[in-house]
Amino acid sequence: ANIIFDYLRKRGLEDKTVEEWRLGYAPDSWDALLSFLLKKGYREIEIEKAGLIIKAPRYHDRFRNRLMFPIFDVNNRVVAFSGRVMSDILPSKTEKADVGKYINSPETVLYSKSRILYGLNSAKSEIRKNNGVVLVEGQMDMLLPFQDGVKNIVATSGTALTADQLLILKRLTDNLSLSFDMDEAGFRATKRGIDLATEMGF
């Protein structure tokens, strides 16, 4: 856990931000979460439906050796997770070397990724107050400015910007600032985002 805290501090996150956004770590284990939840009385089928375990061929944890970002709905309930693999600082016995840097919860009855914006649970009233929203791509891109006082900020959280997400923001403001990565993919996402937002009257 200390290695994870050190990593977060190096990235610029203060302890209070880590606590407020309930960041955590999924251990490098095939079944740490599965056995914990079974002991709590949940059944494998329920845990699978929540997107936390995978059956292939036996059940195992979806998130292993990952820095975990809980994803909240607008009512502050955790509905999903995004996990960044930590193999660059903690060698893994359960994750392949070429695994995706981030994995997200799958679509579930609780989580529809085209409708969720990371940070909106906190940013709603600030977006109204400022009559504007800053939209970024990833959780870290949202947490660091938030910590520095930019409270009207949300992230698409590893998915392309959707009309559904824009509709949610449109109820709060007409003013949108896109601040995506300036690599090739980010540039394309920005252009698409601007076209979509303009069509919707932002």
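K.L.:
Mind showing me how you'd approach the side chain of arginine 66 here?
P.N.:
Mapped onto the secondary structure, arginine 66 falls in strand 4 (residues 66-72). Residue class for arginine 66 comes out buried when judged on its relative accessible area of 0%. For arginine 66, the side chain forms a polar contact with the side chain of glutamate 95, separated by 3.3 Å. Of the polar contacts made by the side chain of arginine 66, one reaches the backbone oxygen of lysine 101; its length is 3.1 Å.

K.L.:
What is the right way to read the sheet that holds strand 5 (residues 78-85) from this model?
P.N.:
Within a sheet, each strand pairs with its neighbour through backbone hydrogen bonds, oriented either parallel or antiparallel. With respect to topology, four strands assemble into an open sheet ordered 1-4-5-6, the strand pairing being antiparallel. Since the sheet does not close on itself, it has two edges, and those belong to strand 1 (24-26) and strand 6 (102-104), each with one partner. Between one strand axis and the next, the sheet turns through 35° on average, direction left out of account. When strand 5 meets strand 6, the two strands line up antiparallel, connected through three bridges. Within strand 6, the position partnered with serine 82 by the bridge is asparagine 104. Where helix 6 (residues 139-147) meets the sheet, its contacts fall on strand 4, strand 5 and strand 6, and the angle it forms with strand 4 comes to roughly 75°.

What counts and what doesn't
Residues numbered from 1 in each chain as written. Predicted model: local features only at pLDDT ≥ 70, side-chain atom pairs only at ≥ 80, totals over all residues. Heavy atoms only, no water. Helix = DSSP H or I, 4+ residues; strand = E, 2+ residues; numbered from the N terminus. Buried < 20%, exposed > 50% of the residue type's maximum accessible area, 1.4 Å probe, protein only. Polar contact = N/O pair within 3.5 Å; in protein donor to acceptor, adjacent residues only side chain to side chain. Pairing = 2+ DSSP bridges. Axes fitted to C-alpha atoms, helices over the stretch in contact; angles between N-to-C directions. Contact = heavy atoms within 4.5 Å.

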